[in-house]
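# Structure at a glance
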Amino acid sequence: MKITPATKASYGASPPFQLVPASRFTIEELTRAYNQTRVDYMVPMPMNVIRLTEYIHVYDVDLSYSLVALSSDQILGLGMLGIRPGRTWITRLGVLPVKRRQGVGRALMDTLLTNSETLQAQVTTLEVIKNNIPAYNLFVRTGFKDVGELLVLRRPPGPPPYTPIGEPDWVERAEALALLESRHIPQSWITETGSLANAEDILGLTLNLADGSRGWLVFQQQKFRMFSVSLSRLTLHTERGDALLLGRSLLAHLHERYPNLDTHTENIALDDPHLPAFFEMGYLESFRRIEMCRQLSHNHHG
Amino acid sequence: MTTILVVEDLPDNAELADRVLSSQGYEVLKASDAETGFQLAVERQPDLILVDLGLPDVDGQTLVGWMRRMPEFAHTPILAWTAWPEETAAKMVQAYGCNGYIRKPLTSIPQFMAQIAAYLR
């Protein structure tokens, strides 16, 4: 049975606004609205229709539980909800710059939380760009607590700075996804196996070193109009041995094989033991996010 | 006539750059995404390229990387146009082969013009 997502009739700001399911809008309208809410961001991350469509698919965003704030046919803001069993993820939340501080963001958050409770989720998570203080404060006010810091990294094309050691075994998608399933460390929504399983062109490599260290790297070979343009969604895992040594070797093998590809990867935890290997390999920090979560109680509404 | 390609998805920013640069006698080409920008760059061989780092299809760093791999753009001044913090912008533009960067939002038109003119010398 389809559960009817919560919406609210109107809010007290002037002029009043309504929250309606995002599924009532076309992807073109949502893309335009999303981009307009972020024009003044330090890291605006605009999207086109293709990218937003892919985003909705990869991260299990359900537009019928996602919301648009509307006033006289003008979109004031929006917020999307990713749904997985027992959990939801609030994402793409934004309000037009001239419509902020009028309760729109708070109303979107409250109703996304209500929708999460309707779905019987036990927990909801989100990520906020570090130093976006107004958004962070809104999330604290709506009951979210910090989980940790996540880094977004970039590396320009180029060979690795040193020769990798060991003989890698390159694996195809099915085996790469099986490797991801073997992780027992909590992941952000973006780096969860569920997200990578929804993404195309996932590959991997495993590596055994002479000292007994063993680990793997899973990545996406991102395409643009059928051409490989970048590597992304890098996930490193050490099963045994020295994580830094393995990280260096796994990354060196990757960049030796794909020296002409740009690389961007999201949500590497600040305490990930492989992080120093990224920096040694020439990765640059683009920006940081703070992951936050909120437990949900099913007798709470709004 | 000196030609400047502006790759910027935000219409207000693109329009501002167009007006300011046109008023100085430059021919301005505009593209609102990386793919169109790349096509225009190949077809028109501009004298300078101003690239927003946040584009909706492929981001600005990737676009700059594409252009820098082509011999015809080896010596074309490419400037990033970004709101990123100074330290991040400086690291990114150096790593991706930009000649420099211009900060958003534009707070001084004369300074903007001086920066553009300096890279065209």
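Keep in mind that this is a model prediction, so the values were computed, not measured. (Residues numbered from 1 in each chain as written. Chains lettered and ligands numbered in written order. Predicted model: local features only at pLDDT ≥ 70, side-chain atom pairs only at ≥ 80, totals over all residues.)

### Thoughts on the overall build of chain B
- When helices and strands are tallied, chain B shows five helices and five strands.
- Each helix (α) and strand (β) of chain B, taken in turn from the N terminus, gives the series β-α-β-α-β-α-β-α-β-α.
- Against the 2.2 N^0.38 benchmark of 14 Å for 121 residues, chain B shows a C-alpha radius of gyration of 13 Å, consistent with a compact globule.
- When the 121 residues of chain B are sorted by exposure, 42% land in the buried category.
- Taking the contacts inside chain B whose residues are at least 6 apart along the sequence as the reference set, 56% of them involve residues at least 24 apart. (Helix = DSSP H or I, 4+ residues; strand = E, 2+ residues; numbered from the N terminus. Rg over C-alpha atoms; globule rule 2.2 N^0.38 Å. Buried ≥ 20, exposed ≤ 12 C-beta atoms within 10 Å, placed from the backbone. Contact = placed C-beta atoms within 7 Å.)

### A word on helix H1 (residues 27-37) of chain A
- Within H1(A), burial applies to A:Leu30, A:Thr31, A:Ala33, A:Tyr34, A:Asn35 and A:Thr37.
- Among the structural elements, helix H2 (49-58), strand S2 (67-71), strand S3 (74-84) and strand S4 (87-95) of chain A are those in contact with the buried residues of H1(A).

### Quick notes on unusual backbone geometry
- For the peptide bond that leads from B:Lys104 to B:Pro105, omega is -10°, which places it in the cis range.
- With respect to the secondary-structure elements, B:Pro105 resides in the loop between strand S5 (100-103) and helix H5 (109-120).
- Phi angles above zero are rare outside glycine, and A:Asp60 is one such case at about 55°.
- Here A:Asp60 is to be found in the loop between H2 and S2.
- For A:Arg101, which is not glycine, the phi torsion reads 60° and is therefore positive.
- The residue A:Arg101 is located in the loop between S4 and helix H3 (104-118) in this model.
- Looking at A:Arg101, the number of C-beta atoms within 10 Å reads 11, which means it is exposed.

### Quick word on the sheet that holds S2(A)
Residue and element names in this part refer to chain A.
- Taking strand neighbours across the sheet as the criterion, the twelve strands line up as S1-S2-S3-S4-S5-S12-S6-S11-S10-S9-S8-S7 in an open arrangement whose pairing is mixed. One side of each edge strand has no neighbouring strand; the edge strands of this open sheet are strand S1 (18-21) and strand S7 (169-171). The sheet shows a mean angle of 25° between the axes of neighbouring strands, taken without regard to direction.
- The sheet contact formed by S2 and S3 spans five bridges and is antiparallel. Each bridged residue has a counterpart across the sheet, and for Val 68 the counterpart in S3 is Leu 78.
- Against the sheet, H1 makes contact with S2, S3 and S4, and its axis sits at roughly 105° relative to S3, the strand it touches most. (Pairing = 2+ DSSP bridges. Axes fitted to C-alpha atoms, helices over the stretch in contact; angles between N-to-C directions.)

### Overview of the domain arrangement of chain A
All names here are of chain A.
- Taken domain by domain, chain A consists of domain 1 (18-143) and domain 2 (153-289).
- Each of domain 1 and domain 2 was reduced to a C-alpha centroid, and the two centroids are 29 Å apart.
- Counting from both sides, the interface comprises 13 residues of domain 1 and, opposite them, nine residues of domain 2.
- Elements with a minimum of two residues in the side of domain 1 that touches domain 2: H2, S3 and strand S5 (123-129).
- Top contributing element to the side of domain 1 that touches domain 2 by residue count: S5, with four residues. (Domains from an automatic or database assignment.)

### Some remarks on the interface of chain B and chain A
- On the side of chain A, 19 residues touch chain B, which itself brings 18 residues to the contact.
- Elements with a minimum of two residues in the side of chain B that touches chain A: helix H3 (60-68) and helix H4 (86-96) of chain B.
- Considering every element that reaches the side of chain B that touches chain A, the biggest residue donor is H4(B), with five residues.
- Taken together, the residues that form the side of chain B that touches chain A break down as nine nonpolar, five polar and four charged. (Nonpolar A, V, L, I, M, F, W, Y, C, P; charged D, E, K, R; others polar.)

### Quick look at the pairing of strand S3 (residues 48-52) of chain B
Residues and elements named next belong to chain B.
- Burial analysis of S3 places five of its five residues in the buried class, the great majority of the element.
- Burial of the side chains of S3 extends over both faces: Leu 48, Leu 50 and Asp 52 are buried on one face and Ile 49 and Val 51 on the other.
- Bridge count between strand S1 (residues 3-7) and S3: four bridges; the pairing is parallel. Within S3, the position partnered with Val 7 by the bridge is Val 51.
- Summarising the sheet, S3 and strand S4 (residues 78-82) pair through four bridges and their orientation is parallel. By the bridge assignment, Val 51 is partnered in S4 with Ala 80.
- At this point the chain moves from S3, through H3, to the parallel S4, and the crossover so formed is right-handed. (Right-handed = clockwise from strand over helix to strand, strands pointing away.)

### Structural notes on the pairing of strand S9 (residues 214-224) of chain A
All names here are of chain A.
- Bridging between strand S8 (residues 202-208) and S9 involves seven bridges; their strand directions are antiparallel. Its bridge partner lying in S9, Leu 203 is registered against Phe 219.
- What sits between the antiparallel neighbours S8 and S9 is a turn of five residues, in which Gly 212 has the positive phi angle 95°.

### Some thoughts on the sheet that holds S3(B)
Residue and element names in this part refer to chain B.
- Taken together, the five strands give an open sheet; going across it, the order is S2-S1-S3-S4-S5, and neighbouring strands pair in parallel fashion. Strands at the two margins of the open sheet, each flanked by one partner only, are strand S2 (27-31) and S5. On average, adjacent strands in this sheet sit at an angle of 20° to one another, irrespective of strand direction.
- Across five bridges, the pairing between S1 and S2 is parallel. Bridge pairing in S2 places Ile 4 opposite Val 28.

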